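The chain contents come next:
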Amino acid sequence: QVQFVESGGGFVQAGGSLRLSCAVSGIAFSLNTMAWYRQAPGNQRELVARITTGGTTNYADSVKGRFTISRDNAKNTVYLQMNSLKPEDTAVYYCNRFVVVTSVPWGQGTQVTVSA
């Protein structure tokens, strides 16, 4: 059974930092490109960052230079370090494979709220 369990969200003032974690089970984690996504109220879910099996990273333009994605294959965990947070970063954050398998449910996500 594939599971994504996100944690680390919270309430922070603009300019602050948070570190999100996502524990993954049920897949060959080290063989998958992993990604973080987010969904703000009224918006579609969007890709925030991805990390390949070899550690190459890519970011949405809106978070480039502020967010850092990383992974620990020994712990089957992917992280998202978020610095210089802005109110527009407010959303529910999810992790998943970069190539999403639609039959596999998303995790519950973790809420990030940034106040002005």
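Cut-offs and rules
- Residues numbered from 1 in each chain as written.
- Predicted model: local features only at pLDDT ≥ 70, side-chain atom pairs only at ≥ 80, totals over all residues.
- Heavy atoms only, no water.
- Helix = DSSP H or I, 4+ residues; strand = E, 2+ residues; numbered from the N terminus.
- Buried < 20%, exposed > 50% of the residue type's maximum accessible area, 1.4 Å probe, protein only.
- Contact = heavy atoms within 4.5 Å.
- Lys, Arg positive; Asp, Glu negative; His and termini not counted.
- Charge placed at Lys NZ, Arg CZ, Asp CG, Glu CD.
- Salt bridge = Lys/Arg side-chain N within 4 Å of Asp/Glu carboxyl O.
- Core = buried A, V, L, I, M, F, W, Y, C linked by side-chain atoms within 4.5 Å.

Caption draft 1: Structural view of the overall build of the protein chain. On a plain count of helices and strands, the protein chain comes out with zero helices and 10 strands. Moving toward the C terminus, one meets the helices and strands of the protein chain in the order β-β-β-β-β-β-β-β-β-β. Seen through its C-alpha atoms, the protein chain measures out along the principal axes to roughly 40 × 25 × 20 Å. Burial statistics for the protein chain: of 116 residues in total, 40% are counted as buried. Taking as baseline every contact in the protein chain between residues at least 6 positions apart, the subset at least 24 positions apart corresponds to 54%. Across the protein chain, the centroid of the 10 positively charged side chains sits 5 Å from that of the 6 negatively charged ones.

Caption draft 2: View of the pattern of salt bridges. Scanning all chains against the criterion turns up four salt bridges. The salt bridge involving Arg 38 is made with Glu 46; its shortest N-O contact spans 2.7 Å. On the basis of relative accessibility, which here comes to 36%, the residue Glu 46 falls in the partly exposed class. Salt-bridge contacts for Arg 38 lead to Asp 89; the nearest nitrogen and oxygen are separated by 3.0 Å.

Caption draft 3: Structural context of the nonpolar core. Counting 26 residues, the largest nonpolar core has Trp 36, Val 78, Leu 80, Met 82 and Tyr 93 as the members making the most contacts within it. Only β3 (18-25), β4 (34-39), β5 (46-51), β7 (67-72), β8 (77-82), β9 (91-97) and β10 (110-115) provide two or more residues apiece to this core. With four residues, the top contributor of residues to this core is β3. When sequence neighbours within four positions are dropped, the list of residues in contact with Met 82 reads Gly 16, Ser 17, Leu 18, Leu 20, Arg 66, Phe 67, Tyr 93 and Val 112.

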